[in-house]
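Read off the chains here:
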Amino acid sequence: MPLTDTTIRNLKPESKTKRYSDSGGLYLEVSPKGGKWWRLKYRYQGKEKRLALGVYPDVSLKEARDGRDDAKKLLRNNIDPSEHKKAQKATQQDQTENGFETIALEWYNKFKSSWSESHAKRVLAGLKNNVFPYIGHRPISKITAPELLAVLRRLEDREALETAHRTKQKCGQVFRYAVATGRAERDPSQDLKGALPPTRVRSHPSPKTPNEIAGLLRAIDGYTGTVETRCALRLLPLVFVRPGELRHAEWSEIDLEKQEWRIPADKMKMRETHIVPLSEQAMDIIGELQLITGHGKYLFPSVRTRSRPMSENTINAALRRLGYTKEQMTAHGFRSIASTLLNEQGWNRDWIERQLAHAERDNVRAAYNYAQHLDGRKKMMQA
């Protein structure tokens, strides 16, 4: 007679393990200690075998019968349920241990110490939002180029083409790490060369003519917000560092005697210490700022807490208050202005590139520029 839930609940353990039959080879095995295990007895290729279907009450009577029926379907297709279960378990283990997400996080944790904090956050967020939901569970060795392309197409369809290219690059680094550690044979991202449209090189919005730039500087001089924000707006055109580098500027990095700002390598995009010569005008602004924030860590602390730097949106928000839209001017646009004007005025190209902290690929040339051109850059910055 088939089992019922009431019968199962009332079964008491005996001195020896006892089996209670249901139907179709399904039975419940009750141990002397009270454990109740579902088993299925079946024959495959002439041999009697057993399949574990779980423990009661975690697996109900209905679920056990469903498991029995699934096993019978496999047998009708000449598939051994026990071997099928082992294969599924091995696949799950492969997905857990060698899945793209697992290996990507391992790669990320190994290399993030060599990146800036903001870059590390962007990399992780990009993987979590754009990659893991689609191929994170897949064994990395089984991911094909078309699979990866489908992930990138989602970004392309959102008109986030630059993000698609960056995502392809980061995925390629993860695949190559998997190859190096013996968990993949090759990097499928290499098969996607030319699969994405090229990105358009766009400069950051900024005024282009001397009259437009003069108007911007006059508007900044008339800014009526906080003193710290006004100082940031006035200082940025005189140093043309990246906005994040300005926001994170610390008083310990400022050498008032040498009139230099020495930014540590771990704060720089290119991971090299960067020296910013400070003009007399920049020193005047820093002197004004020192009276307000000089007792703390940051030149430009947050309005909420002095232990953190100014918000990344503060400078752009100030430009909006001055009437400049994001299509007209951004905090990053001061770098475009500096590059354009200095090149037009005929300053040494190497000085300009070095001051913009762009990478110098030739290490010998980089060392020469660093040693020989600092004085030239000081003259350029003052001009």
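Student: Would you mind going over the packing of aromatic side chains with me for this structure?
Tutor: Scanning the entire structure with this criterion turns up eight aromatic pairs. Consider the rings of Trp-107 and Phe-111, whose centres lie 6.4 Å apart with planes at 50°: the pair is tilted. Residue Trp-107 and its partner Phe-111 are both found in helix H4 (residues 100–111); the two are separated by four residues, about one turn of the helix. You can call Trp-107 buried: its relative accessible area is 4%. A relative accessible area of 35% means that Phe-111 is categorised as partly exposed. Ring plane angle 55° and centroid distance 6.0 Å describe the contact between Tyr-108 and Trp-115, whose orientation is recorded as tilted. When its relative accessible area of 17% is taken as the criterion, Trp-115 is described as buried. The ring of Trp-115 carries Lys-170 above its face, with NZ or CZ at 5.8 Å from the centroid.

Student: Help me out: how do you make sense of the pattern of salt bridges in this one?
Tutor: Note on pairing: side chains with opposite charge can pair once their charged atoms come close. Tallied over the full model, the rule gives 26 salt bridges. Two residues, Arg-186 and Asp-191, come together in a salt bridge whose shortest N-O distance is 2.8 Å. The class of Asp-191 is partly exposed, set by a relative accessible area of 43%. Put simply, Lys-378 and Glu-260 hold a salt bridge, and the shortest N to O gap is 3.4 Å.

Student: What's the story with the side chain of Ser-302 in this structure? I'm lost.
Tutor: Among the structural elements, Ser-302 can be located in the loop between helix H12 (280–293) and helix H13 (314–321). Given a relative accessible area of 13%, Ser-302 falls into the buried group. For Ser-302, the side chain forms a polar contact with the main-chain nitrogen of Arg-304, separated by 3.0 Å.

Rules and cut-offs
- Residues numbered from 1 in each chain as written.
- Predicted model: local features only at pLDDT ≥ 70, side-chain atom pairs only at ≥ 80, totals over all residues.
- Heavy atoms only, no water.
- Phe/Tyr/Trp six-rings, centres within 6.5 Å; stacked < 30°, edge-to-face > 60°.
- Helix = DSSP H or I, 4+ residues; strand = E, 2+ residues; numbered from the N terminus.
- Buried < 20%, exposed > 50% of the residue type's maximum accessible area, 1.4 Å probe, protein only.
- Lys NZ or Arg CZ within 6 Å of the ring centre and 35° of its normal.
- Salt bridge = Lys/Arg side-chain N within 4 Å of Asp/Glu carboxyl O.
- Polar contact = N/O pair within 3.5 Å; in protein donor to acceptor, adjacent residues only side chain to side chain.

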